[in-house]
Amino acid sequence: MIAPSEDFRMLASQLTDLDLEAYLRVVEEPLPECVRLNTLKFREKDVREFMHYRGWRLKPLAWVRHGYRVLEAPVTNLGDSLEHMLGLIYIQGPVSMLPVEVLDVRVGDRCLDLCAAPGSKSTQMCQLVGLDGVVVANDVSSKRVKALSFNLQRWGAVNSVVTLTDGRFFSKWGAGLFDRVLVDVPCSSLGVVSKDWSVLKRYRHNHSKRLQPLQAALLESGYRCLRQGGVIVYSTCTIHPLENEAVISRFLDRHPEASLEEVRPQGLRWRRPLEAFEGERFNPEVEKCFKCYPYDNSGEGFFIAKIRRG
Amino acid sequence: MNRSCYSSLSRFLRVSDLPPQLVFTESGKKVRCVTHAALETAALMKGVVTMGVYAAKRIGNDYYLSIEGSQLLGPYLERGVIDVSMSEGESWMRGAPIERQGLELGIAVVRMGWLYLGSGRVSRDGRVYPLIPKERMISHQDGRD
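Reading guide: rules and limits
- Residues numbered from 1 in each chain as written.
- Chains lettered and ligands numbered in written order.
- Predicted model: local features only at pLDDT ≥ 70, side-chain atom pairs only at ≥ 80, totals over all residues.
- Helix = DSSP H or I, 4+ residues; strand = E, 2+ residues; numbered from the N terminus.
- Buried ≥ 20, exposed ≤ 12 C-beta atoms within 10 Å, placed from the backbone.
- Contact = placed C-beta atoms within 7 Å.
- Domains from an automatic or database assignment.
- Nonpolar A, V, L, I, M, F, W, Y, C, P; charged D, E, K, R; others polar.
- Pairing = 2+ DSSP bridges.
- pLDDT = per-residue confidence, 0-100.
- Axes fitted to C-alpha atoms, helices over the stretch in contact; angles between N-to-C directions.

Q: Can you help me understand the overall build of chain B in this one?
A: Tallying secondary structure elements over chain B gives four helices and ten strands in all. Each of the three principal axes of chain B carries a C-alpha extent, and together these read 50 × 40 × 25 Å. Out of the 145 residues in chain B, the part that is buried amounts to 35%. Of all intrachain contacts in chain B linking residues separated by at least 6 positions in sequence, the fraction that spans at least 24 positions is 50%.

Q: Is there a simple way to think about the domain arrangement of chain B in this case?
A: The extent of an interface is frequently quoted as the accessible surface area lost upon association of the parts. All names here are of chain B. What the domain assignment reports for chain B is domain 1 (1-77) and domain 2 (79-145). One C-alpha centre belongs to domain 1, the other to domain 2, and the line joining them spans 22 Å. Facing the eleven residues of domain 1 at the interface are 14 residues of domain 2. Among the elements of the structure, β5 (62-65) and α3 (67-73) are those that each provide at least two residues to the side of domain 1 that touches domain 2. For the side of domain 1 that touches domain 2, the per-class residue count stands at six nonpolar, four polar and one charged.

Q: Looking at this model, I keep getting lost on the pairing of strand β1 (residues 34-37) of chain A. Mind explaining?
A: All names here are of chain A. Neither face of β1 is left uncovered, since the one carrying Cys-34 and Arg-36 and the one carrying Val-35 and Leu-37 both have all their residues buried. Two strands pair when backbone bridges link them, and β1 and strand β3 (residues 67-72) are joined in this way by three bridges, in the antiparallel orientation. Bridge pairing in β3 places Val-35 opposite Tyr-68.

Q: Sorry if this is basic, but what is going on with the interface of chain B and chain A here?
A: In this assembly, 36 residues from chain B lie in contact with 32 residues from chain A. When residues of the side of chain B that touches chain A are traced back to their parent elements, those giving at least two are β2 (30-35), α2 (36-42), β3 (48-51), β4 (53-59) and α3 of chain B. Looking at side-chain class alone, the side of chain B that touches chain A contains 20 nonpolar, nine polar and seven charged residues.

Q: Where do I start with the sheet that holds strand β10 (residues 127-130) of chain B in this structure?
A: What links the strands of a sheet is backbone hydrogen bonding, and the strands pair in either a parallel or an antiparallel sense. An order of β6-β8-β9-β10-β7 (chain B) is seen for the five strands of this open sheet, with the pairing classed as mixed. Edge positions in the sheet fall to β6 (81-83) and β7 (98-99) of chain B, since each of these pairs with one other strand and no more.

Q: Explain the environment of Gly-229 of chain A here, please?
A: Residue and element names in this part refer to chain A. Note on placement: Gly-229 falls in strand β9 (residues 226-236). Here Gly-229 falls in the exposed class, since 9 other C-beta atoms lie within 10 Å of it. Sequence separation between Gly-229 and Leu-61 is 168 residues, and the spatial gap between their C-alpha atoms is 29 Å. Not counting chain neighbours up to four residues away, the residues in contact with Gly-229 comprise Arg-308 and Arg-309.

Q: I tried to follow unusual backbone geometry on my own but got confused; where do I start?
A: Backbone phi values are negative for most residues with the exception of glycine, while trans is the configuration of most peptide bonds. Residue and element names in this part refer to chain A. At the junction of Ala-117 and Pro-118, the peptide bond is cis and its omega measures out at 5° in the coordinates. As for its position among the elements, Pro-118 is in the loop between β5 (110-113) and α6 (120-129). One non-glycine residue, Glu-278, adopts positive backbone phi at about 50°. Within the fold, Glu-278 resides in the loop between β11 (276-277) and β12 (280-281). With 9 C-beta atoms packed within 10 Å, Glu-278 lands in the exposed category.

Q: How do you make sense of the confidence of the model for chain B when you look at a structure like this?
A: Predicted coordinates in regions of low pLDDT should not be interpreted in detail. Residue and element names in this part refer to chain B. On average, residues of chain B carry a pLDDT of 89, and 90% of them reach 70 or more. The weakest mean pLDDT in chain B belongs to helix α1 (residues 3-9) at 66; the strongest belongs to β3 at 98. Confidence metrics for the complex model read pTM 0.95 and ipTM 0.93.

Q: Looking at this structure, how should I read the pairing of β4 of chain B?
A: In summary, the side chains of a regular strand alternate between the two faces of the sheet. All names here are of chain B. Of the strand pairs in this sheet, β2 and β4 are connected by four bridges, and their pairing is antiparallel. Bridged to Arg-32 within β4 is Tyr-54. Sheet topology places β4 next to β5; four bridges connect them, and they run antiparallel. Directly across from Ala-56, in β5, lies its bridge partner Leu-65. Following β4, the chain reverses through two residues before pairing antiparallel with β5; Gly-60 in that reversal takes a positive phi of roughly 65°.

Q: Is there a simple way to explain the sheet that holds β4 of chain B in this structure?
A: Residue and element names in this part refer to chain B. With antiparallel pairing, the four strands of this open sheet are ordered in space as β1-β2-β4-β5. Whereas interior strands pair on both sides, the edge strands pair on one side only; in this sheet they are β1 (22-27) and β5. Strand-to-strand twist in this sheet, taken as the mean axis angle between neighbours without regard to direction, amounts to 30°. Bridge count for β1 against β2 is six bridges, and the pairing is antiparallel. Among the inter-strand pairings, Ser-27 is bridged to a residue of β2, identified as Lys-30.

The structure is reproduced here in C-alpha cells:
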C-alpha cells in the first residue's frame, strides 16, 4: 500500500469529491496499455492488419482518433516491439491522448506545442495537420529535447520543427502566428502516480504553489502566440485545484475577450471542476473544463481547458 | 531542394514522383527531409534545433537511408530493394545480416511486405549488413514469456 505524504492527505481532505481509497487503489495498478497508430507515414488499415497478423488485439478508444487499447500483444514490453521501433505506433496513456483531440487540430494548421517533450502530443498533432500543416515542438530542457527529437524522428514527422527555448518568452517572436496551441504544463503529476509512486510520498503543498506562476506564465505566452479566433488547450496531469481551476479562473479574469469552450468527451467519465478552493471562488465559466480522477476511467487523472482567442 | 542533393538522389530515385510538399536539405553528410510549411515556419522561430527527419547519410557517392528515409523514399526507389520474410525482417531489426546471392555491392534497402526497414551494406560475402542504430533495434527476447 502506498503511503502518501501528510500534505497529500491534507489536500485529499480538502477535495470533497475525491474518494481517497479508490484513488490509492487505482494508482497502485499499472496504467492500461494503449497505443496510437501512425497515420502520417502509413494507412491505418495497413497498420491494423499488420499488427493483427503479428498477434495484436486492439480495441478502439471512443474519445480519440487512431487510439486503441491493447488487449493482447506479441511482446511483454510494448516499447521493445517491432511496431514501436519502426514508428507504426506510439505508446501513450488513454486520457493523455485527449488534450490534442480537444484542440480540434485541422489539416493545414500551424500548431505550437509549448512544453512538448517527450513528444507524445506533438506526434499526435503532426499526424492530424498532415503535410500542409506544421507543428512547432518546443521545450526548455536540452536533455528532454533530445528525447523529443528522437520520438519525432521515429514518427517520421517531416512537418515538425523542434525548438529549444523557455516557453514563457515564446510570444516575443511567435505572437499571433499559430492556429492551435497546446500548453501541457509541468505539474505535480498527482494524476499519473501509477507511473511513479514516489510522487505521492514526496508531495508537498508548496510544490503546487511554486508551479502555479510558471503554469500561468506559460498559458499567457501560449495565448499570445494564437491568431485571433485560434484555440489554445491548457492541460495538466494533476488533480490539484491550484494548478487547474485557479490558473484558468485568474486567466479568464485577466482576459474577458477569451471564451472558454465546454470539454465533454464521449466515452470518458468526467466531473465538474471545483467552484472554490482555499477561500478563492473561481470564475463560474471554469465549470466548462474537463476534470477526471485516475479511478474515473482506470487511467490518468487530467484537467483540460479549451480557450478560444477573442 | 539543394541541387547537388537532388541530382544525387535522382540517380536511384524517381524524385519527380515524390509528394510536392517535401524538400531535402543536405548539411555535411546528412540529408534531412522536411515540408515546405515547416521550413517557412522555422524561419520565423528562434532556438531551432531540428526540422523534419533525418532521411539519409552520404558516404562517398552512396546514400544510406535511415529507417524513416527508407519509409519515405522506398516507394520511389528504382533499384536496390530486397524483399524479406517476416522472420528475416525481425532478425534484421535485431541487427542480424541477411543472406542474398548476386547482389550488386553497395547499398540495399530492405522491405518486408509494404514496410521498409532501413538500409544496409551489401558485402562481398553475399550478406547485407544492417545500418540500424542500436536504440532502434529490438532485443533478442521479443516474445511473451
